[in-house]
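Given next are the chains, with one letter for each unit.
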Amino acid sequence: MDAKFLIPEKRPKSSMDGDGERVRVTVRLRPPTKAEQRDDEGPFIFLDTDRNTVVLRRTGSFEAFTEFQFDGVLPSGCQQVDVYNTAARPVVLDVLQGYNGTIMAYGQTGAGKTYTLSDKLACGGMSVEGIIPRSAAEIFARAEQDNDNEYHVSMSYIQIYMEQIQDLLRPESCNMQIREGETGVYVSGIQEVEVKSAEDVMKLLLLGDRNRAFSFTKLNAHSSRSHAIVILTVERKAKNFSEPASEASDRPHSGSSAGFLEGERVLVGKLFLVDLAGSERLKKSGSEGIRASEAMSVNLSLTCLGKCIGARADPNATHVPFRDSKLTRLLQESLGGNAKTSLIINIAPCNDYLRESLSSLSFGSRAMKVATRAIVNVEEEFRVLTKNLQDTLEMQDERLQS
Ligand code: ADP
Ligand code: MG
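Keep in mind it's a predicted model, so treat the numbers as computed, not measured.

The α-helix winds at 3.6 residues per turn, so residues separated by three or four positions along the chain end up facing the same way. When the terminal C-alpha atoms of helix α6 (residues 198-218) are compared, their 30 Å separation across 21 residues agrees well with the 30 Å that a helix rising 1.5 Å per residue should span. Taken residue by residue, α6 has Ala198, Asp200, Val201, Met202, Leu204, Leu205, Leu207, Gly208, Asn211, Arg212, Ser215 and Phe216 as its buried positions.

Below is the structure:
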């Protein structure tokens, strides 16, 4: 392939660059709990999987129906593998080709975001693994089957709590800063740990979750008040080592405009897996003190996320307020920039939460209008990672035990 097709443009001008892709949105309805099953006011949420529509029935002084249409609609009986295939797999496959990808779960607390993304236990012999373990398994399985390329994969895990970024793989580092470099926005000093298997990813996920629970227990807080983001960076380079040096030097460089051989190009895809904080309403929860500050901080970032989506969806908007929250600043490329983005709207089948579901579905509906413009990212070399898995695990074990 000609090198010019592989060189990333810095800031493509047209928002409809590429083939007019946009954010893809899937709705997942959680199964009812025992208490919710006893709800005798009848169904309030109707899913039509053939037409990909969700209808909400609201009662009160009069009955009202609101219909939404999405890219995918998954009923409460759907399996984790269905969610992965619908909302995650296409993005993961693109990441293996050097595109950035984002898979993001949105919804009120208890709607099933963490279950959808992270769940990692086999339950009664049935696999309930969520999107993160399945994505990791797919990445390593494909890397193993690919005889033409070699791969380097690394993982980072952070959370945003009260507008501060904490590295969950190095939790003593809090309030980390976001910077902008050649290849986009990044967290300065973030731990990037090399992973060689899906099991390595799960070890780090577990470690990060323990650190997250540890810091929240100290604060007497709950993890639903923070956004958790796993970043998997997949680097891919053609294996061309068997080529004799004399032959290689006789042949003109296929990627001459880039100044390096085709085989030396490294395709770099970054996968963001985002478990957003719960989107509940402050008024309803009646929070006070630190809980109110947390809720305000969550609201600020989710409101800002909504505004950025709104601005991106509006062809006449001149300003997108990415800088108004850490979340949107970090996810800037995921919101209509250089990334393929899949949004999962988690809703609960509970009449008490109908207004929250309505608000989540409206959010998803707006996100469907956001055009994306992902391009293949190319670098010259594999990046040098300073952290290996064993050191990271040992250091943290000591910390958690002390
Ligand atoms: P959130 O992260 O949105 O706050 P959770 O993922 O923690 O919500 O889900 C709340 C509860 O519901 C958990 O006990 C979880 O195991 C359960 N749950 C969520 N989604 C499903 C599902 N699709 N099938 C079975 N249980 C689920
Ligand atoms: Mg959760």
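With numbering matched to this structure, UniProt assigns "binding site: ATP" (unreviewed entry) to Gly107, Gln108, Thr109, Gly110, Ala111, Gly112, Lys113 and Thr114. Of the residues named above, Thr109, Gly110, Ala111, Gly112, Lys113 and Thr114 line the second largest pocket. Residue placement: Gln108 occurs in the loop between β6 (101-106) and α4 (113-118). As for its position among the elements, Ala111 is in the loop between β6 and α4.

Now for the pattern of salt bridges. A complete count under the given rule lists twelve salt bridges for this structure. Between Glu21 and Lys340 there is a salt bridge, with the nearest N and O atoms lying 3.0 Å from each other. Pair noted here: Glu21 is in the loop between α1 (17-20) and β1 (24-29) and Lys340 is in strand β16 (residues 340-347), with a separation of 319 residues, a long-range link. For Lys340, a relative accessible area of 11% gives the class buried. Where Arg30 meets Glu36, a salt bridge forms, and the shortest distance between an N and an O atom there is 3.0 Å. In terms of burial, Arg30 and Glu36 fall into one category: buried. Linked through salt bridges whose partners overlap, the residues forming this network are Glu21, Asp94 and Lys340.

Helix-helix packing is described using two parameters, namely the angle between the two axes and the distance between the axes. It is at 9 Å that the axes of helix α9 (residues 289-313) and helix α11 (residues 354-367) come closest, and there the two elements cross at 35°. The crossing of α9 and α11 is left-handed. For the pair α9 and α11, contact is made by Leu305, Gly306, Ile309 and Ala313 and by Phe363, Arg366 and Ala367, respectively. Residues that form the contact of α9 with α11 fall into these classes: five nonpolar, one polar and one charged.

Now for the layout of surface pockets. Roughly 360 Å³ of internal volume is contained in the second largest pocket. What lines the second largest pocket is a set of 27 residues, and nearest its centre among them are Thr114, Arg212, Ser223, Ser224 and Asp275. Elements supplying a minimum of two residues to the lining of the second largest pocket: α4, α6, β14 (227-238) and β15 (266-275). Its residues assigned to classes, the lining of the second largest pocket comprises 13 nonpolar, ten polar and four charged.

Right, let's get into unusual backbone geometry. Despite not being glycine, Asn52 shows a phi value in the positive range, around 55°. Topologically, Asn52 is positioned in the loop between β2 (45-48) and β3 (53-58). Here the phi dihedral of Met162 falls at roughly 50°; this positive angle occurs in a residue that is not glycine. Tracing the sequence through the fold places Met162 in the loop between β9 (149-161) and β10 (164-167).

In the vicinity of ligand 1, the residues found are Arg28, Arg30, Pro31, Gln108, Thr109, Gly110, Ala111, Gly112, Lys113, Thr114 and Tyr115. Here a nitrogen atom of ligand 1 and a side-chain polar atom of Arg28 are 3.4 Å apart. Within the contact set of ligand 1, an oxygen atom lies 3.3 Å away from a backbone nitrogen or oxygen of Ala111. Alone, ligand 1 offers 560 Å² of accessible surface; in the complex the protein occludes 64% of this. With three residues, the single largest contributor to the shell around ligand 1 is α4.

Here Glu333 lies in the loop between α10 (326-330) and β16. For Glu333, a relative accessible area of 18% translates into the label buried. Considering only alpha carbons, one finds Glu333 and Asn100, 233 residues apart in sequence, at a separation of 8.6 Å. Within the structure, the side chain of Glu333 is placed 2.6 Å from the backbone nitrogen of Asn338, a separation counted as a polar contact.

Using a probe with the size of a water molecule, rolled over the atoms, empty space left in the structure can be pinpointed. One pass over the structure, following the stated rule, counts one cavity of 30 Å³ or more. Roughly 50 Å³ of internal volume is contained in the largest cavity. Lining the largest cavity, in full, are Ile160, Tyr161, Met162, Glu163, Arg225, Ser226, His227, Ala277, Ser297, Val298 and Ser301. Those elements that provide at least two residues to the lining of the largest cavity are β9 and α9. No other element matches the three residues that α9 contributes to the lining of the largest cavity. Taken together, the residues of the lining of the largest cavity sort by class into five nonpolar, four polar and two charged.

Our next topic: the sheet that holds β2. Pairing in this open sheet of three strands is antiparallel, and the strands run β2-β3-β4 from one edge to the other. Each of the sheet's edge strands pairs with one partner strand only, and the pair in question is β2 and β4 (64-69). Looking at each pair of strands side by side, their axes are set apart by 20° on average, direction ignored. Bridge count between β3 and β4: six bridges; the pairing is antiparallel.

Here we come to the pairing of β3. As a general feature of sheets, a regular strand has side chains that alternate between the two faces. With five of six residues buried, β3 lies mostly within the body of the structure. In this structure, β2 lies alongside β3, joined through four bridges in antiparallel fashion. Note that in β3 the partner of Leu47 across the bridge is Val54. Taken together, β2 and the strand that follows it, β3, pair antiparallel across an intervening segment of four residues, in which Asn52 is found at a positive phi of about 55°. Linking β3 back to β4 in an antiparallel pair, the connection comprises five residues, with Gly60 at a positive phi of about 155°.

Rules used in this analysis
- Per chain, the residues get numbers from 1 upward, laid out in the order the sequence is written.
- All chains are assigned letters beginning with A, and all ligands numbers beginning with 1, in the order in which they are written.
- Whole-chain, interface and lining totals are the exception, using all residues; otherwise, since this is a predicted model, local features are given only for residues with pLDDT of at least 70 and side-chain atom pairs are given and counted only at 80 or more.
- Heavy atoms from the whole structure form the basis of all side-chain values; hydrogens and water molecules are not counted.
- Under the DSSP-based scheme used, a helix requires at least four consecutive residues in state H or I and a strand at least two consecutive residues in state E, with every element numbered from the N terminus.
- In this scheme, a helix's expected span is set at 1.5 Å multiplied by one less than its residue total.
- Accessible area is worked out with a 1.4 Å probe on protein chains only. A residue is then buried under 20% of its type maximum, exposed over 50%, and partly exposed in between.
- UniProt positions are given in the numbering used here, feature names are shortened, and annotations may be inferred rather than shown by experiment.
- Buriedness for pockets is judged along seven lines, at least five of which must meet protein on both sides within 12 Å for an open set on the 1 Å grid over protein atoms alone, while cavities are sets there where a 1.4 Å probe fits but cannot get out, and lining residues have an atom within 4 Å of a point.
- By salt bridge we mean one thing: a side-chain nitrogen of Lys or Arg within 4 Å of a carboxyl oxygen of Asp or Glu.
- Here an axis means a line fitted to C-alpha atoms, over the contact stretch when the element is a helix, while the angle between two N-to-C directions is reported on a 0 to 180 degree scale.
- Crossing handedness: left-handed means the near helix sits turned counterclockwise from the far one by under a right angle, and right-handed means the same turn made clockwise.
- Note on contacts: a residue pair is in contact if any heavy atoms of the two residues lie within 4.5 Å.
- Note on residue classes: Ala, Val, Leu, Ile, Met, Phe, Trp, Tyr, Cys and Pro are nonpolar, Asp, Glu, Lys and Arg are charged, and everything else, Gly too, is polar.
- Grid points are joined across faces, edges and corners, and a volume is the space filled by probe spheres set on the points.
- Think of it this way: one heavy atom of a residue within 4 Å of a molecule or strand is enough to make that residue near it.
- Polar contact is the term for a pair of N or O atoms within 3.5 Å; when the atoms are in protein, one must be able to donate a hydrogen and the other to accept it, and sequence-neighboring residues count only if both atoms are side-chain atoms.
- For every accessible area listed, the method is Shrake-Rupley and the probe measures 1.4 Å; residues are considered covered only by the protein chains on display.
- When DSSP locates at least two bridges between a pair of strands, those strands are taken to pair.

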